[in-house]
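# Structural features, examined
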Amino acid sequence: VRTNLAFESLNVTPDQTKLFTAIENALIQDGPASTTITSSPARITSYDLTGAAPEVDAEFVYITDPVSDDPIPADSFHTNGLVDLLALDNETLLAMERSFSVGVGNRIRLYEISVDEATDVSGKDALDGTETPAAKRLIADLGDDFGIVPDNVEGMVFGPTLENGRQSLIMVSDNNFNDSQETQFIVLALALE
């Protein structure tokens, strides 16, 4: 596991039979970390919760986007990673990617992903590029779609159902105990199909 690109997410399915977690970027033996020109094959791990103790039942590849923006100056820190998952059912999840570049800031994107047809890679010590990754579909970009200037948003949870019948989604940023960062709570209304 690369430094500071390990496990961020942890979520149980609505029927409480599975738990999903993921690493932010590829294991060293699986491929590169995200850069402004390369994506990264992270692993999502699924645990079966129906037995006496949780057991790994599958592992899937999730391809992160490249880092959204070139940092300023060009040799400064930049990263993108899979920072949270929220299970919609046993095969469909909401995935949050957080991209950051020094001098530019954060970009937060939400994807609907499906592991239904993804290759189970739980027996592979290293990926070889033949695996079918989880399918992903962009749902929202907080900046482009809502005009939100996000800080280091890395967490999400379903909130209460709203009066209009939509499901609330509550997101939170991690300020890293840093005076230059903010704690943000962002609430969106979703129309789940």
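### Focus: the packing of aromatic side chains
- Inspection of the entire model under this criterion finds one aromatic pair.
- Taking 6.2 Å as the distance between ring centres and 40° as the angle between the ring planes, the aromatic pair formed by phenylalanine 77 and phenylalanine 100 counts as tilted. Of this pair, phenylalanine 77 sits in the loop between strand 4 (55-64) and strand 5 (78-87) while phenylalanine 100 sits in strand 6 (residues 92-101); the two residues are 23 residues apart in sequence, bridging distant segments of the chain.
- With a relative accessible area of 51%, phenylalanine 77 lands in the exposed category.
- Classification of phenylalanine 100 as partly exposed rests on a relative accessible area of 25%.

### What about the pairing of strand 11 (residues 185-190)?
- Residues Ile186, Leu188 and Leu190 of strand 11 are buried on one face, while the alternating residues Phe185, Val187 and Ala189, pointing to the opposite face, are not.
- In this sheet, strand 11 lies alongside strand 10 (residues 167-173) in antiparallel orientation, the contact comprising six bridges. Looking at the pairing, valine 172 lines up with phenylalanine 185 of strand 11.

### Some thoughts on the sheet that holds strand 6
- Judged by pairing direction, the sheet is antiparallel, and its four strands sit side by side in the order 5-6-7-8 without closing on themselves. In this open sheet, the two strands that pair with only one neighbour each are strand 5 and strand 8 (135-141). Across the sheet, the axes of successive neighbouring strands diverge by a mean angle of 30°, strand direction being ignored.
- Looking at chain direction, strand 6 and strand 7 (residues 105-114) are connected through ten bridges and run antiparallel. Directly across from serine 101, in strand 7, lies its bridge partner glycine 105.

Reading the values: the criteria
- Residues numbered from 1 in each chain as written.
- Predicted model: local features only at pLDDT ≥ 70, side-chain atom pairs only at ≥ 80, totals over all residues.
- Heavy atoms only, no water.
- Phe/Tyr/Trp six-rings, centres within 6.5 Å; stacked < 30°, edge-to-face > 60°.
- Helix = DSSP H or I, 4+ residues; strand = E, 2+ residues; numbered from the N terminus.
- Buried < 20%, exposed > 50% of the residue type's maximum accessible area, 1.4 Å probe, protein only.
- Pairing = 2+ DSSP bridges.
- Axes fitted to C-alpha atoms, helices over the stretch in contact; angles between N-to-C directions.

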